[in-house]
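Fold and geometry: a report
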Amino acid sequence: MNPEAVGFSALTIVLLLVLFYGGTFFVSTRIGKKNENADGYMTAGNKIGFGISAASMTATWIWASSMYASASSGYTYGISGPIHYGLWGALMILFIYPFGKRIRKVAPKAHTLAEVMYVRHGRSSQLMLAGSNVVGSVISLMSNFIAGGVLISMLSPFNFIQGVFAVAGGVLLYTLWSGFRASVLTDFMQVIAMLGAVAIIVPFIFFAAGFPAAFETGAANLTAQQSNFFSSEAFLNQGAPYIAAVLAYAIGNQTIAQRLFAVREDLIKPTFITATIGYGAMVIGVGMLGVLALYLGFTPTGGDLNNIIPEMAASYLPGILLALFFIMIIGALSSTADSDLSALSSIMMADIYGQNIAGKKKANPKTMLLVGRLTMVAATALAVALASMQMNILDLLVFVGALWGALVFPVLASFYWKKVTNKAFTVSVIAALAVFIPVRFDLIPMTGITAVLIELLAILGIGIVLGLMAFGFFGLRPAMVIGIGASVVAAPFCFGFLRDYTTLSASLVAYSVSTIICYLMSFRSTQNFDFAVIAERAGDFDTGEQPVAAVPAGSRNSTRTAQERE
Amino acid sequence: MLALSLYVLIWPVIVAVVAIVISKAFISEAREAKRRGEDLI
């Protein structure tokens, strides 16, 4: 423990944690039911209103790392840095809503995207998507526990491990019994606390640190690129890789899909737009602390950029506002952690137990609830264990992000195009990963014909990303024009250039390879999938009816998949 | 200096507006649920 880093006494930090987690636990007990409904535990009955769903979407998308990373971006890239982090992150929510409307139309009562893929294609597609969701949520859970442990160890006499246990125990306490319903209701409280804190803390630090005068006195601390709002360095290193990830994170993250299936169908658009604005303003606003630190010539301890926000807070905020700041960060990481627990429990309940072990007709709602709650306990224990090992989160996130990028076209096309087959889905995703990995981790030399081919695929990836974004809003023809136009315009600038940006190139290659292979394997397919089947088969598990008794092994019941019917 | 100050301080203002919009919607939904005798969630 570094004595200089202590901001609160042990008693104060315990009181703050008891206040926060005790309060959320109390609220969750108000909605607790003796006989919880399995579908309610996963999606709260598919009819949540605008206020709670917008709050929940915002709270879930804001995690502690997003605030730290936005401030790091501001500190590294200057005045445009927070925009290149927060804006693109916000657009992840916005660009998914047109697809969200289609997904809800096709599968109004589903619980997970993977569950829909099971009905649409079969087991391999489902498990591929569910597997990537599980890995992503466990990493996110671990990351939030780490952020909690670091914050508590920095601001109190407690150590990192004690902090991790406090956060993990607190989140599990209020999420375990009521699952998703508790997650979204407490999200409302947490997001209001977070938004309120940002509205007060950022202006307070701004004036306490001597701004606006410090903009003049500290201008010499910025390079020309850092002073430029249109910094190409900020765009290429921070913004562009994020644009490529816009659709991937929204498709691959079950926490978003879960809220998509939970909100009342007619409220999807206002919910997603409000969450876009709320997330963007909050994350960019907190990121401005990094810009202020840059002007002040502030050096974070040990050169660790994750220390910028806590140290700026500790330097300029009085005790009461420092407590508010602490609640803000704990709220951000807890709201995402409880969403991850709910997402993991839904996947295990619906995809593993409901669809693959018991079968939809035979699934017992009580067993499903037990599976969900045991999953939460096991996931918490696993994330605590991984957090204590302090693994490299960034590398893991990059890998999962690429996996999600490879899934985007096959998943989205499966909701619109009747010809996409299970084989096309599976082969295209595996092939995309097989190309992504050597590019991302520099396993092949980016020279000569190899570099040209990778750049060609990446240029096609630019067109595919922009085309898919346009498709959601404007339909196929404008999407084709925008996609092809973007690739043609980008080509002269990208050949000989993208090879130096392997993170960006690899993400784009994941998109293009999966799209090309999925298209080539599907366009001559004779499959004519009936989308009405999805609504029929990806529905409620807990209907109040008794589960079907034993069915002879090998018999085909109504849970058979599209692939099985082919 | 004024432009930079506005650039930094506009975000907390937007955040406050979003917080008000979400809170008003939540309160209205809670009242509506209570009037109907249903659970909020």
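Residues numbered from 1 in each chain as written. Chains lettered and ligands numbered in written order. Predicted model: local features only at pLDDT ≥ 70, side-chain atom pairs only at ≥ 80, totals over all residues.

1. Structural notes on the overall build of chain A
- Looking only at helices and strands, chain A has 24 helices and zero strands in total.
- Against the 2.2 N^0.38 benchmark of 24 Å for 566 residues, chain A shows a C-alpha radius of gyration of 24 Å, consistent with a compact globule.
- On the principal axes, the C-alpha backbone points of chain A span a range of 75 × 65 × 40 Å.
- By sequence separation, contacts in chain A at least 24 residues apart represent 85% of the contacts at least 6 residues apart. (Helix = DSSP H or I, 4+ residues; strand = E, 2+ residues; numbered from the N terminus. Rg over C-alpha atoms; globule rule 2.2 N^0.38 Å. Contact = placed C-beta atoms within 7 Å.)

2. A closer look at the overall build of chain B
- Scanning chain B from terminus to terminus reveals one helix and zero strands.
- Taken along the three principal axes of its C-alpha coordinates, chain B extends 55 × 15 × 5 Å.
- With 41 residues in all, chain B has 24% of them scored as buried. (Buried ≥ 20, exposed ≤ 12 C-beta atoms within 10 Å, placed from the backbone.)

3. Structural notes on helix H21 (residues 476-494) of chain A
Residues and elements named next belong to chain A.
- In a regular helix each residue adds 1.5 Å, so 19 residues correspond to 27 Å; H21 covers 26 Å between its end C-alpha atoms and thus fits that length.
- For H21, the elements touching its buried residues are helix H20 (448-474).
- Trailing H21 by a residue or two, Gly-496 shows a phi angle of about 85 degrees, which is positive. (Expected span 1.5 Å × (residues − 1).)

4. Details of the nonpolar core
Residue and element names in this part refer to chain A.
- By size, the foremost hydrophobic cluster in this structure holds 213 residues, and its most contacted members are Ile-93, Phe-145, Val-198, Leu-247, Leu-289, Val-408 and Val-509.
- For this core, the element with the highest residue contribution is helix H16 (residues 319-357), accounting for 19 residues.
- Formed jointly, this core draws a minimum of three residues from each of two domains, domain 1 (10-389) and domain 2 (392-528).
- The contact partners of Ile-93, leaving out residues within four places of it in the chain, are Met-57, Trp-61, Ala-250, Phe-272, Ala-275, Thr-276 and Tyr-279. (Core = buried A, V, L, I, M, F, W, Y, C linked by C-beta atoms within 7 Å. Domains from an automatic or database assignment.)

5. Considerations on the domain arrangement of chain A
Residue and element names in this part refer to chain A.
- Structurally, chain A comprises domain 1 (10-389) and domain 2 (392-528).
- The distance between the C-alpha centroids of domain 1 and domain 2 comes to 27 Å.
- Taken together, the 31 residues of domain 1 in the interface contact 29 residues of domain 2.
- Elements supplying a minimum of two residues to the side of domain 1 that touches domain 2: helix H5 (81-106), helix H6 (113-120), helix H7 (123-155) and helix H12 (232-252).
- Ranked by the residues each element gives to the side of domain 1 that touches domain 2, the list is headed by H12, at 11 residues.
- For the side of domain 1 that touches domain 2, the class distribution of residues is 21 nonpolar, eight polar and two charged. (Nonpolar A, V, L, I, M, F, W, Y, C, P; charged D, E, K, R; others polar.)

6. Here's the deal with H5 of chain A
- For H5 of chain A, spanning 26 residues, the distance from its first C-alpha to its last is 39 Å, which sits close to the expected 38 Å at 1.5 Å a residue.
- With 19 of 26 residues buried, H5 of chain A lies mostly within the body of the structure.

7. Quick word on unusual backbone geometry
Residues and elements named next belong to chain A.
- Cis geometry marks the peptide bond from Phe-211 to Pro-212; its omega dihedral reads 10 degrees.
- For Pro-212, the location among the structural elements is in the loop between helix H9 (180-208) and helix H10 (214-217).
- Of note in this structure, Ala-44 is not a glycine but carries a positive phi near 55 degrees.
- Note that Ala-44 resides in the loop between helix H2 (38-43) and helix H3 (50-61).
- Taking the number of C-beta atoms within 10 Å as the measure of exposure, Ala-44 has 30 and is therefore buried.
- Despite not being glycine, Asp-442 has its phi angle at roughly 55 degrees, a positive value.
- Tracing the backbone shows Asp-442 in the loop between helix H19 (422-440) and H20.
- Judged by local crowding, Asp-442 falls into the exposed class, with 10 C-beta atoms found within 10 Å.

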